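# Structural overview for review
For reference, the chains in residue letters:
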Amino acid sequence: MLYQISDLIRTAGPRKILDISDLMLEKGRITAIMGPNGAGKTTLLETLAFLETPSSGNMLFDNAPVPWSSSRALRRLRRRVVLVQQHPILFTTTVFKNIEYPLAVRKTPASIRHKRVEELLDIVDMKPFRSSKAHRLSGGETQRVAIARALACNPEVVLLDEPTANVDREHEGQIEGLIETINHTRGITVVFASHNLDQSARLADRTVFLHQGRVIQAAYENVFRAEITPEGKAALIGESGRRIAIHLPGRSSPGSRYIAIDPRALKIADQTPDAASHTELQGKVVELRLEKGRVSALVDVGLLLTVWVDESAFRESNIRIGGAVSVVLAPSGIEWL
Amino acid sequence: MEFLSDSIASACRLIWDLDPELLAIVVLSLEVSCLSTALAGIAGVPAGILIALNDFPGKRLCITICNTLLALPTVVVGLFAYAFISRKGVLGAYDLLYTPAAIVIGQTILLFPVITTFVLSAVARLDDRYRKTALTLGAGPVRLAGTIIRESRFGIVAAFILAFGRVIAEVGISMMLGGNVKGYTRTITTAMALEYDKGEFTLSVALGMVLLAVSFSVNILFHAIQGRSRI
């Protein structure tokens, strides 16, 4: 394991920004960190980059504890890991000098530096901009230069905070290709934060879901606010304000809390007819999408629910867009946040 | 009105002829002002960066003290420095009183809080992503400081403009610690004060014109540096 995190807490005043009881990230793999705004993705990435010191907890990097109190030791670790921020900032000099910066920091000889910068400019398709003022580039160009600058560090780990948030479609594909290339050909571990479930499905070997600073087991897309009345009735409320009445097994105390429903724990009714202990919702399929080995079905049951169906099971089913279905919710698929 | 125009005409002649006394006064003023600004910068820039980038107990108090010292009257600095460098003072053995070095010491004390405060303000306003980017790219403390200075150079140059402007025009420290000794510690402002007392307005006006010209030239230089930093 490259990173081993346990009981890690990061606070800002009275608020817990991160509260991770257990998280391991493997070497040489691509991991996606998903979650809504304010979930703690950026703080987690900055902690993994050794830029943010946790308030408490343990973190091992390459099987050794991270020496948070030693700035010299932290600097050594930082030279193995690089972070590309969501809105990367380029120094107010040329594109060339920006990419050269980490090489100059590492005292790389000038001849090697120049060759390496030229290679990186070529990789990110920014050669014509080598002498341009970096702070005058567009958002997408800035992102590509920032990635080239990060790769100049020759890191073991690249951390990317929403790497395609500021880029157009064409360059989104280019950056995704770049992420796959650096992972597959150079074995660099990649951890990226994203809002985009499709992107994580396309790129990541593993997806970690964050909600309010905590790692949750379910996919964050089925996150709702649940209001439970003193009589034990529950209402699920989506982001759009739409709500449905539902029986939520396993919790009866009144109040309002967030829940996550794991898309893997939702079944289209004809797949698992045993509904004795399950909650069943009637709805209509509004979207079908083929992902890695599965089909993601978006079902409107009053709220939009994402259901993951195994690809082979999907072929044998009658699920089609516009078709009426029953969605069955297994109690084990509900996570209280 | 005739008196003023006569004075200006005589002053112009003095400047045009490069009057040796006038030249000596201007050169000394520039020397002590540049040196004290540089010394205050050497101490004040790192101090401003350190205060801006680090959290420590008493930081707010530290900033408040720096802000208060911005309004330090030059005669107070003169008195304070006098206590140290006069014969009875701790540094009395070095015989610094009434030397250009004494003026430099006093002016450096005056400028240190000015440069510290304005550098602190420039660095604190700088986007924190610059710091984080430099760190994640492997920068050590020296490289980090260099990057921070480079990225906040507009504000830092402004601090130097302000500091130089304050020191070239001050009279209290130069008078109290320099003593206005002719040909040795006489600066533009002390000479102007003396000539005014004597009723000799010609040299006074000439010096005033030179002072304005020097300030103007230095400002043009600093603004050129600032302008380039924005491109």
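Use the structure listed above.
A brief look at the structure comes next. The shown structure was predicted, so the numbers you read here are calculated from the model rather than taken from an experiment.

## A look at the interface of chain A and chain B
- The interface of chain A with chain B comprises 17 residues on the first partner and 14 residues on the second.
- When residues of the side of chain A that touches chain B are traced back to their parent elements, those giving at least two are helix 2 (71–78), strand 6 (81–84) and helix 3 (95–105) of chain A.
- Among the elements that take part in the side of chain A that touches chain B, helix 3 of chain A stands out by supplying three residues, more than any other.
- Grouping the constituent residues of the side of chain A that touches chain B by class yields ten nonpolar, two polar and five charged.

## Details of the sheet that holds strand 11 (residues 223–228) of chain A
Residues and elements named next belong to chain A.
- Reading across the sheet, the five strands line up as 13-12-11-14-20 and stay open at both edges, with antiparallel pairing between neighbours. Strands at the two margins of the open sheet, each flanked by one partner only, are strand 13 (243–246) and strand 20 (334–336). Strand-to-strand twist across the sheet, computed as the mean angle between neighbouring axes with direction ignored, equals 35 degrees.
- Examined bridge by bridge, strand 14 (residues 255–261) and strand 20 share three bridges and lie antiparallel to one another. Opposite Ala 260, over in strand 20, you have Glu 335 as the bridge partner.

## As for the packing of helix 3 of chain A against helix 5 (residues 139–152) of chain A
All names here are of chain A.
- The N-to-C vectors of helix 3 and helix 5 enclose an angle of 25 degrees; their axes lie 7 Å apart at closest approach. The pairing of helix 3 with helix 5 is recorded here as roughly parallel in orientation. The handedness of the crossing between helix 3 and helix 5 is right-handed. Counting all contacts with helix 3, which are made through Val 95, Asn 98, Ile 99, Tyr 101, Pro 102 and Leu 103, the residues of helix 5 involved are Val 145, Ala 148, Arg 149 and Ala 152.
- Among the residues making up the contact of helix 3 with helix 5, the classes are represented as eight nonpolar, one polar and one charged.

## Focus: the pairing of strand 1 (residues 3–12) of chain A
All names here are of chain A.
- Both strand 1 and strand 4 (residues 56–61) contribute to a ladder of five bridges, which runs antiparallel. Across the sheet, residue Ser 6 finds its bridge partner in strand 4, namely Asn 58.
- Where strand 1 and strand 2 (residues 15–25) come together, nine bridges link them in antiparallel fashion. Bridge pairing in strand 2 places Ile 5 opposite Leu 23.
- If you look at the hairpin formed by strand 1 and strand 2, you'll find two residues sitting between the two strands, and Gly 13 has a positive phi there, around 65 degrees.

Parameters and conventions
Residues numbered from 1 in each chain as written. Chains lettered and ligands numbered in written order. Predicted model: local features only at pLDDT ≥ 70, side-chain atom pairs only at ≥ 80, totals over all residues. Contact = placed C-beta atoms within 7 Å. Helix = DSSP H or I, 4+ residues; strand = E, 2+ residues; numbered from the N terminus. Nonpolar A, V, L, I, M, F, W, Y, C, P; charged D, E, K, R; others polar. Pairing = 2+ DSSP bridges. Axes fitted to C-alpha atoms, helices over the stretch in contact; angles between N-to-C directions. Parallel < 35°, antiparallel > 145°, perpendicular 65-115°, else oblique. Left-handed = near helix turned anticlockwise from the far one by under 90°.

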